[in-house]
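# Descriptive structure summary
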Amino acid sequence: MDLSRHTEASLDTGLLRAAWVESASTTLAAQRLATLGPLPDAAAVRTAYAALREWTLLEEEQRAPSLSGAVDIGRIASGARKGEILAPQDLIAVGRTLDVLDRAARRLLDDDTIPELAGIAASIRFDIELLDVLSVAFEADGQLSARTYPELGELRRRINELHGTLRSTLESMAKGADLADDLQDAFWTVRNDRYVLPLKPHAKNRGVVHGTSGSGKTVFVEPHEILELNNRLRLAEGALEAEERRILAALSRQVGADAERLAESLEALVQLDIVASRSRLASRMRATVVTVSDRATVKLDQARHPILVLRGIEVIGHDLALDAARPALVLTGPNTGGKTIALKTLGLCAWMVRHGLALPCVEGSRFDFFDGVLADVGDAQTVEDDLSSFSAQLVAVREMLDRAGPGWLVLLDELASGTDPQQGAALAIAVLEALVDADVRVVTTTHYPPLKGLAVSDPRFRVAAMEVRAGRPTYRLIPDTTGESHALATAERLGLGAGLLERARELWKSQDQGVAETLEALELQRTRLADREAELDARLAAAEAREAELTRRTAQIRAKADALEAEAAEAFRSRLRSAEKAIGAVVAQLQESPSQKAARAARASLEAFAGLLPEPEVEVLPEPERAFEVGDQVRHPTLGTGIVEAVGKTLKVRKGMVAFTAKPGELELVGAPRATPKPAVRRVPVRVTAGPELDQALRMPHNTVDLRGMRVDEALDAVDVGLDKAVQAGTDVVFVLHGHGTGALKQAVREALRTHTTVDRFMPANADQGGDAYTVVAVRR
């Protein structure tokens, strides 16, 4: 038995290989894939997977080069190297293939994101001048280009002219009276590449005979009148043929000179197409690249049968695992339940990994490289070798025991099933133990109860069962579960008669019946628990999803609040910067000219600017004992103390030069209404008149004369100096700070001001200006 071929037949690898071949873009790669062997080791598989990922990335980004259009030019280049003159179609094929190679190299080289593909493309090296020459050497119809080779155009033009002259001459002769009795038919034709007329036999002397009709009634004669024209035509055609041959020979020599590099480039193209075919096949199967090592470990999550996937069948995935601690897996369950499909899935995945193909499973799976894979699946009985199914399986098992060792995978379907169950089970256990002892990874399907119990007696074995619900298989593989065969239930589902089934149940009276029924009851209980667990998992997943959604929404709200707060803060900072600039400008203007007019303008500016600032949060104060009146002194929690100017639903309060409005509940009464200021009794009433300008004047450092600490005579001299400076500076108002004290200095200053030549009028300062400690003086101009 050829066990390698038997393994491939058992696993249906031919169907998978055919799908792989169909994924190739070029005939060259397809021919290579039809017989391509496995990769040498795990490192080579990882390299193939890396290239596959890179090509898939290019496909997703629509940057993958097209490889279609390339043909096998190796034979053509080899012939040219031997001196053969290539036919135009061969040279055109070379040009097209070189164009594909050039485009692929330009796309793949010098790209840091695809190092494996760039490494393959680095072998694409040929004479770029050859591509340039071939790309313009031929017309679309396959002829050598007259634009590239003008001498060909001239020869073709001359030949066309000679053809035209010959045809017109013969047409004239056929219509003329001279040949009216000699013509067999009124047309011209070509014999031996020369123009002739069909004449009657008696007129054969009218020229050179080039043949006769089958009946002998027509002679094809080249008239003497066109002999010279025909000769010139043949000479021109010979010249054209010689020139074309010369050009083709020159192009062929260029191809032959680069034959070795063309062969290397062609091999690189084949390797690129093999990578591309792996990517296309993976896309068809929705396959993923798995982790690959050399520890003979398998951990497949939701692995699907590749061929069923390619056929478009919705396949239920299986979780399959093998490792050093548990190197053997026993699959149990009813017939038609899916055991063999799971077994073949494992074998096909092993074959695919060895050939660098992605696997139809979920990400995160692992399938290590196996040095060899041997399988016996299905019925291998043969008439030629006179072997029964049981005997044929034993022949395969014998060879497996001889060949398999560490790093090998062995798959056995229904091991030792074609004989006495007790002896078959014993033989099967012995075979499995021998394979495990040899450090082989082994998977088998069985109905034998002793094999199902191996997981209990030998920790190296793992058991998994195909699930059955309500007497029907679900095709789901349940790990660490011992399934029953459900033979009677399967027979009932498939329509066997009720009487027959009843008789079978009567006959099923053995020592194992109680154990089997107990196992079935346990399996039913496990199924119910699994359903409950699945329901709880679904509820937990839904709760986690809701929690995640709430967390996401909370984060969104918090982020939006932070953004709004930051935006508001930035807006406030912007308004604050504007306020600082505006206040600075107002202060500068007042410092330059502290007149009443300037003060009114400054007050208007500040009141207008007050709207730029946000309303402050205010403390709500208790209601006052009585209603507010004009003149009341009130306190605002954030804006401070001011005087009530107007009463209504809101109160207008003035604080210095700035007025603001507030609700009654935001203000606290500080003192009784302030009496409206009245002029003091003066000895010279005319000089003490209090005008509105002095009442509203602003006190600034540069317009204030400070007399504190001076004696009367020193103070009066200081007043004189201050007034003189005010006149020189053009200052309208001067404040004299004399304080209260005993009142002697204040009285002496005001007496002096009454007769001062630069004083127009003066008055005691009001409360906003500092009170009676100051005297406000209007400077005469």
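Residues numbered from 1 in each chain as written. Predicted model: local features only at pLDDT ≥ 70, side-chain atom pairs only at ≥ 80, totals over all residues. Heavy atoms only, no water.

### Describing unusual backbone geometry
For clarity, the cut-off: Helix and strand assignments come from DSSP, with helices taken as H or I runs of at least 4 residues and strands as E runs of at least 2, each series counted from the N terminus.
Of note in the backbone geometry, Gln62 takes a positive phi value of approximately 55 degrees without being a glycine. In this fold, Gln62 is placed in the loop between α4 (42–60) and α5 (74–81). A positive phi angle is found at Asp480, which is not glycine, with a value near 55 degrees. Tracing the chain through its elements places Asp480 in the loop between β13 (472–479) and α18 (487–493).

### Thoughts on the sheet that holds strand β21 (residues 759–764)
Remark on secondary structure: sheet strands pair via backbone hydrogen bonds, oriented parallel or antiparallel. For clarity, the cut-off: Pairs of strands are assigned from DSSP output, requiring at least two bridges between the strands. Axes here refer to lines fitted to C-alpha atoms; in helices the fit is confined to the stretch in contact. Angles between the N-to-C directions go from 0 to 180 degrees. In what follows, a contact means two residues having at least one pair of non-hydrogen atoms within 4.5 Å.
As summarised here, the arrangement of the four strands in space is β19-β20-β22-β21, forming an open sheet in which the pairing is mixed. Looking at strand neighbours, the two that pair on one side only are β19 (704–706) and β21, the edges of this open sheet. Going across the sheet, the axis of each strand differs from the next one's by a mean of 25 degrees, ignoring polarity. Relative to the sheet, helix α23 (residues 712–729) contacts β19, β20 (733–737), β21 and β22 (774–779), its axis offset from that of β22 by approximately 40 degrees. In this fold helix α24 (residues 744–754) packs onto β20, β21 and β22, with an angle of close to 150 degrees to the strand it touches most, β21.

### Some words on the confidence of the model for the chain
In plain terms, the rule: pLDDT: the predictor's confidence for each residue, scored from 0 to 100.
Mean pLDDT over the chain stands at 86; residues scoring 70 or higher make up 84%. Per-element mean pLDDT across the chain ranges from 61 in helix α21 (residues 596–609) up to 98 in strand β8 (residues 366–367). Contacts from residues 381–386, a stretch scored under 50 in pLDDT, to residues over four places away or in other chains number five contacts.

### Quick look at the environment of Gln31
Formally: Throughout this description, buried means an accessible area under 20% of the type-specific maximum (1.4 Å probe, protein chains only), exposed means over 50%, and partly exposed covers the range between.
With respect to the helices and strands, the residue Gln31 is situated in helix α3 (residues 27–33). On the basis of relative accessibility, which here comes to 49%, the residue Gln31 falls in the partly exposed class. Gln31 sits 10 residues away from Val21 along the chain, and the two C-alpha atoms are 7.8 Å apart.

### Here's the deal with the nonpolar core
Here is the rule we go by: The term nonpolar core refers to a set of buried residues drawn from Ala, Val, Leu, Ile, Met, Phe, Trp, Tyr and Cys, joined through side-chain atoms within 4.5 Å.
Counting 122 residues, the largest nonpolar core has Leu300 and Phe367 as its most contacted members. A total of 13 residues in this core trace back to one element, the largest contributor, which is helix α11 (residues 259–285). Setting aside chain neighbours within four positions, we find Leu300 in contact with His318, Asp319, Leu320, Leu346, Cys349, Leu359, Cys361, Ser365, Arg366 and Phe367. Among the nonpolar cores identified, the runner-up in size contains 27 residues, and Val397, Val410, Tyr448 and Phe461 belong to it.

### Some details on the side chain of His756
What counts, and what does not: A 3.5 Å cut-off defines polar contacts: any pair of N or O atoms within that distance qualifies, except that in protein one atom must be a possible hydrogen donor and the other a possible acceptor, and neighbouring residues in sequence count only when both atoms are side-chain atoms.
Along the polypeptide, His756 turns up in the loop between α24 and β21. At a separation of 2.7 Å, a polar atom in the side chain of His756 contacts the side chain of Asp720. There is a polar contact of 2.9 Å between the side chain of His756 and the side chain of Thr758.

### What about α11?
Three- or four-residue spacings in an α-helix give side chains the same orientation, since the helix completes a turn every 3.6 residues. Here is the rule we go by: One less than the number of residues in a helix, times 1.5 Å, gives the span that helix is expected to have.
Over its 27 residues, α11 extends 39 Å from the first C-alpha to the last, a length consistent with the 39 Å expected when each residue adds 1.5 Å. Positioned one or two residues after α11, Arg286 has a phi angle of 50 degrees, which is positive.

### Notes on the sheet that holds strand β2 (residues 194–199)
Taken in spatial order, the four strands of this open sheet run β1-β2-β4-β3, and their pairing is antiparallel. For this open sheet the edge positions go to β1 (189–191) and β3 (207–212), each flanked by a neighbour on one side alone. Adjacent strand axes in the sheet meet at a mean angle of 50 degrees, parallel and antiparallel pairs treated alike. With three bridges joining them, β1 and β2 adopt antiparallel strand pairing. Bridge assignment links Val190 to a residue of β2, and that residue is Tyr195. Set on the sheet, helix α10 (residues 227–257) makes contact with β2, β3 and β4 (219–223); between it and β2 the angle comes to about 145 degrees.

### Points about the side chain of Glu243
Along the chain, Glu243 falls in helix α10. Once residues within four sequence positions are removed from consideration, Glu243 is found in contact with Glu151, Leu152 and Leu155.

### Quick word on the environment of Ile76
Secondary-structure assignment places Ile76 in helix α5. Along the chain, Ile76 and Ala87 lie 11 residues apart, while their C-alpha atoms are 9.6 Å from each other. Those residues in contact with Ile76 that lie beyond four places of it in its chain are Leu86, Asp90, Ala93 and Val94.

### Some words on the packing of aromatic side chains
Just so we agree on the cut-off: The pairing test for Phe, Tyr and Trp rings, Trp by its six-membered ring, is centres within 6.5 Å, and the orientation test on the planes gives stacked under 30 degrees, edge-to-face over 60, and tilted for anything in between. To sit over a ring, a charge needs its Lys NZ or Arg CZ within 6 Å of the ring centre and within 35 degrees of the ring normal.
Taken as a whole and assessed by the stated rule, the structure comprises four aromatic pairs. With centroids separated by 6.4 Å and ring planes inclined at 80 degrees, the aromatic side chains of Phe735 and Tyr774 adopt a geometry described as edge-to-face. Of this pair, Phe735 sits in strand β20 while Tyr774 sits in strand β22, and the two are 39 residues apart along the sequence. With relative accessibility at 0%, the residue Phe735 sits in the buried group. On the basis of relative accessibility, which here comes to 11%, the residue Tyr774 falls in the buried class. Positioned above the aromatic ring of Phe220 is the side chain of Arg191, whose terminal nitrogen or guanidinium carbon lies 4.1 Å from the ring centre.

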